[in-house]
Amino acid sequence: MDNSNYRREKESTHIKFNEASAILTSDILINLAYFLVSTSSLSDRDKCNAISIMSDACIGLCDGQYLDLFIKPNSLNDYLNTCKLKTANLIQVASMLGVIAANGTSKQLQDASIYGELLGISYQIKDDLNDNDGIVNLISKDEAEKLITNTNQILPHYNNLFLEAVRNKVLC
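### Here's the deal with the side chain of Lys86
- The residue Lys86 is located in helix α4 (residues 76–101) in this model.
- The class of Lys86 is buried, set by a relative accessible area of 14%.

### Some thoughts on the nonpolar core
- Core analysis: the biggest nonpolar cluster contains twelve residues, these being Val37, Leu42, Ala50, Ile53, Met54, Ala57, Val93, Met96, Val99, Ile100, Leu109 and Ala112.
- Among the elements of the structure, α3 (44–70), α4 and α5 (106–131) are those that each provide at least two residues to this core.
- The residues contacting Ala57, other than those within four sequence positions of it, are Asn89 and Val93.
- Among the nonpolar cores identified, the runner-up in size contains ten residues, and Cys83, Ile125, Leu129 and Ala144 belong to it.

### Brief notes about the pattern of salt bridges
- Taken as a whole, this structure holds three salt bridges when the rule is applied.
- Taking the shortest distance from any N to any O, the salt bridge between Arg45 and Asp46 comes out at 3.7 Å.
- Exposure remark for Arg45: the relative accessible area of 69% places this residue in the exposed category.

### Structural notes on α5
- Relative to the 38 Å expected for 26 residues at 1.5 Å per residue, α5 spans 37 Å between its end C-alpha atoms, a close match to the ideal helical length.
- Following α5 by one or two positions, Asn132 adopts a phi angle in the positive range, close to 55°.

What counts and how
Residues numbered from 1 in each chain as written. Predicted model: local features only at pLDDT ≥ 70, side-chain atom pairs only at ≥ 80, totals over all residues. Heavy atoms only, no water. Helix = DSSP H or I, 4+ residues; strand = E, 2+ residues; numbered from the N terminus. Buried < 20%, exposed > 50% of the residue type's maximum accessible area, 1.4 Å probe, protein only. Core = buried A, V, L, I, M, F, W, Y, C linked by side-chain atoms within 4.5 Å. Contact = heavy atoms within 4.5 Å. Salt bridge = Lys/Arg side-chain N within 4 Å of Asp/Glu carboxyl O. Expected span 1.5 Å × (residues − 1).

And the structure:
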């Protein structure tokens, strides 16, 4: 979307192949995710819940990408909201779908949501620091690193909750 030639030191899809292939690939991957959920062995209720969560994340991704491309954040809160929408939503939904697939509790689903959001925001901040973009236009690199550190101090609590949930589901 930002027309960057490289992503993590590799050619971007639209450069390596072409723009049409990049767009079609993303369309296929999104629809494949919906297909996999709809044809899974999940209960109808869980399928609907999963599809709702996925749809909400896709809408958020588009909103966040629009904000990032056309309405540059001018405050830390605006920046963090954009991170939540465009990046954290995707990690959040992946975390939540794992809980749904494992027949987790509503508390585990809530914890997965928080975990995914924190991990996604932390990831986006780190990515922007590496690219010298985004957050570095609002606060110093040291302040941004502190945000990541603070977020990462919360994440182990949720990692432990997930490990416990996995042990309970897998080892029972």
